[in-house]
Amino acid sequence: MDLRRLDLNLLVVFDAVLSERSVSRAADRLALTQPAVSHALTRLRQACGDQIVVRRGHAMVPTPKAVALQQEVRAILVRAQRVFAMSSAFDPARSRRHYQIGCSDHAAVAILEPVLGRILAQAPFVRIQLTHVGRTHAADMIRSGALDLALGVLNSADDAIAVKTLREVPYVCVARAGHPAFKRRLTLDRYLAAEHLQVLVQPGSFGVIDQTLSRLGQERNIRLVAAHFEAALRLLPSTDLILTVPKDLVARQEARWSLQAVPFALEPFRHQIAMGRSFADDPGTSWLIDMLSA
């Protein structure tokens, strides 16, 4: 492909069409006419040698090749946006920047929710996209440029990734009200004898709770694994499962649950921000980090 003959604005159309699954909605999002987006899609198909999207009934469905390309295209757009943002002063009141943030549902509520109103007020044209990712995936996506930041537990600082801890929260054991194991003090033996609900944001990883138990030569009986903290809480009342989570997750609704301290020494949950080490060269990213750190 001769890049000198390729209009890189086509990548913006590619991302919009795949995100919206509709030419008309992509046109509205980009403030273009529908024929203009259709023409750009034709040029994309010629450049990529692929249909990009195909119609199935009333829906536009991306091809496997387009799905495989989407994250790479987004990473290119984010990098391009960052290059031009770094070349000029950042004014949140006028910026139209699109931020890509990786996080769990818990991190979004715990870190973003307290300051979101202030962010939206100071930057009325900024757009924020949240992507559900785990710690390893988040670090890889920051390195690739697909994410500006990640929120959560992100102990992955290295030469490319910087991690800032905002606060630490102790873990607690949570169960439905009246759970029989919570009628007495929860000992390690009772904890291990119970059945557990585990939250695992990134499949295939090994969380701090089970790493700690493994060092003690113990293993808990995990009966259900959920990818989202809120889903875990919604599933808990209909079972006798025990959920071990950061205390701030249930702080506003403690009366609904049986709560006890974790019956073994466990490091606190760390609310963190992960970012590329070059973030200081990008005033837009620095501004967002300052807002989140508040």
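Structure's up top.
Values in this document were obtained by computation on a predicted structure and should not be read as measured data.

Caption draft 1: Quick look at the pattern of salt bridges. Applying the stated criterion across every chain yields a total of 12 salt bridges. Where Arg25 meets Glu20, a salt bridge forms, and the shortest distance between an N and an O atom there is 3.8 Å. A relative accessible area of 44% places Arg25 in the partly exposed class. Residue Arg270 is joined to Glu168 by a salt bridge in which the shortest nitrogen-to-oxygen separation is 3.1 Å. Pair noted here: Arg270 is in strand 12 (residues 269-276) and Glu168 is in strand 6 (residues 161-169), with a separation of 102 residues, a long-range link. On the basis of relative accessible area, Arg270 is assigned to the partly exposed category, the value being 23%. One network of salt bridges, with partners in common, ties together Asp15, Glu20, Arg25 and Arg29.

Caption draft 2: Expanded view of the sheet that holds strand 12. Taking strand neighbours across the sheet as the criterion, the 5 strands line up as 4-3-5-12-6 in an open arrangement whose pairing is mixed. Each of the sheet's edge strands pairs with one partner strand only, and the pair in question is strand 4 (127-132) and strand 6. Ignoring strand direction, the axes of neighbouring strands in this sheet form an average angle of 20 degrees. As judged from the 4 bridges shared by strand 5 (residues 149-152) and strand 12, these two strands associate in the antiparallel manner. Its bridge partner lying in strand 12, Leu149 is registered against Met275.

Caption draft 3: Local environment of helix 5 (residues 105-122). For helix 5, spanning 18 residues, the distance from its first C-alpha to its last is 24 Å, which sits close to the expected 26 Å at 1.5 Å a residue. Its axis deflected by about 55 degrees at Leu112, helix 5 carries its strongest bend there, up to four residues before the proline Pro114. Burial in helix 5 covers these residues: His106, Ala107, Ala108, Ala110, Ile111, Leu112, Val115 and Ile119.

Caption draft 4: Here's a closer look at the packing of aromatic side chains. Tallied over the full model, the rule gives 3 aromatic pairs. Seen from their ring centres, Tyr191 and Phe264 are 5.4 Å apart, and the 70 degrees between their planes marks the pair as edge-to-face. You can see Tyr191 sitting in helix 7 (residues 188-193) and its partner Phe264 sitting in the loop between strand 11 (257-261) and strand 12, a full 73 residues away along the chain.

What counts as what
Residues numbered from 1 in each chain as written. Predicted model: local features only at pLDDT ≥ 70, side-chain atom pairs only at ≥ 80, totals over all residues. Heavy atoms only, no water. Salt bridge = Lys/Arg side-chain N within 4 Å of Asp/Glu carboxyl O. Buried < 20%, exposed > 50% of the residue type's maximum accessible area, 1.4 Å probe, protein only. Helix = DSSP H or I, 4+ residues; strand = E, 2+ residues; numbered from the N terminus. Pairing = 2+ DSSP bridges. Axes fitted to C-alpha atoms, helices over the stretch in contact; angles between N-to-C directions. Expected span 1.5 Å × (residues − 1). Bend = angle between axes of the 7 residues up to and from the residue. Phe/Tyr/Trp six-rings, centres within 6.5 Å; stacked < 30°, edge-to-face > 60°.

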